[in-house]
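Residue-level listing of the chains:
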Amino acid sequence: QPPQPPPPPQPPPTPPPGPALPPRPPPPPRPPSMPLVEKVEGLLGQMTLREKIGQMLQLVEYMSGVEAVADGSWGDSSLGSVLYSGGLPSVGSLRERSARLQRAARRHRLGIPLLIGVDAVHGHAQARGTTVFPHNIGLGCARNESLARQLAEATSLEVAACGINWVFGPCVAAAQDDRWGRTYEAFSSDTELVSRLGEAQVRGLQESPTPVAACAKHLAADGATQHGRDQGDAVLSEAELQAHLRPYRAAVQAGALTVMVSFSSINGRPAHGNRWLVTQFLKRELGFEGLVVSDWGGINKLPGSAEQQFAAGINAGIDLVMLPGTNAPGTWNQATSGPWRAFVDSVERSVKTGRISLERIDAAVRRVLRVKGKLGLLAADAGGTAALRPPSSKHLAAAAAAEPKQLAPLVRSKWHRALAEEAAAHSAVLLKHDGALPLSPTASVLVACRGGRSLGRQMGGWSLSWQGTTRDEGLGTNVYDGFRARAGRAGCEACVSFSERGDADSGDVAIAVVSEDPYAEGVGDRARSPVPMHGADHACLDNLMKRRSSRPVILVAISGRPVDISEFDRRSSVIIASFVPGSEGGSAIASLVYGDRPFKGRLCRAWGEHWSLGFGLRLEPPPAAPPPPQEPSPPKVPVVRLLRRVPHRLRPPSPPPPSPPPPPPSPPPPPPSPP
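Residues numbered from 1 in each chain as written. Predicted model: local features only at pLDDT ≥ 70, side-chain atom pairs only at ≥ 80, totals over all residues. Heavy atoms only, no water.

Draft legend 1. Structural context of helix H17 (residues 535–547). Here H17 contains 13 residues, and its C-alpha end-to-end distance of 19 Å stays within 8% of the 18 Å for a straight helix at 1.5 Å per residue. Every buried residue belonging to H17 is among Asp537, Cys540, Leu541 and Leu544, and all of these are buried. All buried residues of H17 project into a common sector of 95 degrees when viewed along the axis, lining one side. On the buried face of H17, the contacting elements are strand S15 (445–448), strand S17 (509–515), strand S18 (553–558) and helix H18 (566–571). (Helix = DSSP H or I, 4+ residues; strand = E, 2+ residues; numbered from the N terminus. Expected span 1.5 Å × (residues − 1). Buried < 20%, exposed > 50% of the residue type's maximum accessible area, 1.4 Å probe, protein only. Arc of directions from axis to C-beta. Contact = heavy atoms within 4.5 Å.)

Here's what the structure looks like:
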């Protein structure tokens, strides 16, 4: 058939009223193959100053007018990045939104795609219908780099299925104070363990068949602030500071493409304005070649006017500025009239007045374009895709060249759910055991307290929304359903009952699931140490003891940090710290209690004065049954001794010696010779 004519181009969107802009030159031709360095320099040479500044800007996706900024129909700039924030829709809807944003960026005269980021800090938990893995505090207790990498690979696939190419993780903070509301985002209080697991997750995100950019955060020592205050000040000696910088060395060596700066300060100096930290240490000493991004409005916490804040942060070494919006209607939530224009105008004035050098702008844009090229977003470059290694997850191999829509069936796949359950089981730590475990699948069990039937508490913060939810919402298995399913396989589903207040008489064994309400940064900070448990959990345990004081209580603590369970300790036969186990935590806890899996977790941080870093009990296998008693057998007498006791005359005669074999027959004589 003759070739079909191409479809007519779509008309550009109607520009907003205002003064007409001068026509822009057409984009440079793009050869089919070009080294990444040449590609970056070619694009940089074609940009106006305002287009360069636009590549240094990241806006929130829900702002109205973001597409107009991205395609250049509003103003004469560009847009470098977009982030998703807050509760997100389904995977399919999110994929369409990402595609729409990228189409808008492609309509710009330069056609540079966007970096699209999301806080997928324990699986892609910000979207519905995905797999939610344990938070980092649990992975620290598992102490398994291979498992951490597999979880990151699975996260990269579910993120890529939504058209997203950047994950704001891993968090490589070493949390020192349990009062900090982000303790669960840290792998451990030990910087060495944090370094190993952070490196594994960087490689899992960037070296999977569906690579996305990793982001080591938050530079630096955000887990060491005084009194555990979020965005506080870390007062550190030189040796202590170097210890907290160790995870960033490991992340850079692993090839991390991005690093996020911390809200906090070090010895009174805010990280967003700390040129020694960002430029001297990270970029020069470590040789980091990726981009440095600010935290949510973090650059605007510096002293001075907005123009002075932008200049101070960019001169310190920040390459991409994350500007927040607001959920309330208003000017600042309009990308075209709020943060976009304020940022571009302010930075442009600073360049023209000499406050920011043009060389610094070019260096920042060069880093942004380089990261896009390494992710394969600059399609015309050669060798610009992320380096791939053989995936540690076999089912990911088929996804290497797949489009986001083709990846959708792999989201929350059977393999991902099994991986999440395995990770939750490895994360659990057995703190106390008096011999009550394992339970029989046919035992009568009462699951009690608030956390027993709350999937939201299992998933914690950064799940379905910024601060999480207490509702039994989303896809997964809560503790009660996990116990019912396991007992049901033994034909005794009715053996498991539930009481949120613990005021039921059923059950010969009680599973008391005490829990923290979900929280994230800021909201999760606490003033008291040790962190107290919720009053409703104390009342639940009181009810359990009043109803049947002789009933054994197995305590399961779902929390984002060590909490005060001293009162529960005295009343419980077994204590299990499951931390924040994720969407499949209910099945994992049931498998441990019933003995289907062994306890492997060890504490990644000290839990009060009772349990130190590295503590974790193991269940000894039940002793083998002793063999049945047997009748004593008579002693065996050696044959030689027996023969010596037989009289000589009764001994059998010795056999005659064997006769020699007959000699071989002699050969016949030769015939006589003829005469």
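Draft legend 2. Main features of the sheet that holds strand S10 (residues 269–270). Read from one edge of the open sheet, 3 strands run S7-S9-S10, paired in mixed fashion. Both outer strands of the open sheet, strand S7 (233–234) and S10, are each paired with one neighbouring strand and no more. Two elements, strand S9 (residues 265–266) and S10, share 2 bridges in a ladder whose sense is antiparallel. Within S10, the residue paired with serine 265 across the bridge is proline 270. (Pairing = 2+ DSSP bridges.)

Draft legend 3. A look at the sheet that holds strand S5 (residues 166–167). Pairing in this open sheet of 5 strands is parallel, and the strands run S5-S4-S3-S2-S12 from one edge to the other. Two strands bound the open sheet, and with one partner strand each, they are S5 and strand S12 (321–322). Where strand S4 (residues 115–118) and S5 come together, 2 bridges link them in parallel fashion. Bridge pairing links glycine 117 to tryptophan 166 in S5.

Draft legend 4. Quick look at the nonpolar core. Leu79, Trp166, Leu219, Leu282, Phe343, Val347 and Trp607 are the most contacted members of the largest nonpolar core, which totals 155 residues. In terms of residue count, the dominant contributor to this core is helix H6 (residues 145–160) (7 residues). Aside from chain neighbours lying at most four places away, what touches phenylalanine 343 is Ile53, Met56, Leu57, Phe310, Ile314, Val321 and Leu323. (Core = buried A, V, L, I, M, F, W, Y, C linked by side-chain atoms within 4.5 Å.)

Draft legend 5. Structural context of empty space enclosed by the protein. On inspection of all chains with the given rule, the structure shows 4 cavities of 30 Å³ or more. If you add up the space inside the largest cavity, you get close to 170 Å³. As for the largest cavity, its lining consists of 19 residues, of which Ala120, Val121, His122, Gly123 and Gln201 are closest to the centre. If you tally residues by element for the lining of the largest cavity, the top one is H6, at 3 residues. Partitioning the lining of the largest cavity into residue classes produces 11 nonpolar, 7 polar and 1 charged. Roughly 90 Å³ of internal volume is contained in the second largest cavity. Forming the walls of the second largest cavity are 13 residues, and the residues nearest its centre are Gly460, Asp517, Pro518, Gly560 and Val580. Considering only residue class, the lining of the second largest cavity consists of 5 nonpolar, 5 polar and 3 charged. (1 Å grid on protein atoms, 1.4 Å probe; cavity = no way out; pocket = protein on both sides within 12 Å on 5 of 7 lines; lining within 4 Å. Points joined across faces, edges and corners; volume = space filled by probe spheres on them. Nonpolar A, V, L, I, M, F, W, Y, C, P; charged D, E, K, R; others polar.)

Draft legend 6. View of the confidence of the model for the protein chain. Per-residue confidence for the protein chain averages 87 on the pLDDT scale, and 82% of its residues sit at or above 70. Below pLDDT 50 for its whole length, residues 1–32 participates in 26 contacts with residues either more than four positions away or in separate chains. Residue range residues 381–398 is modelled with pLDDT below 50. Its contacts to residues more than four positions away, or to other chains, number 46 contacts. (pLDDT = per-residue confidence, 0-100.)

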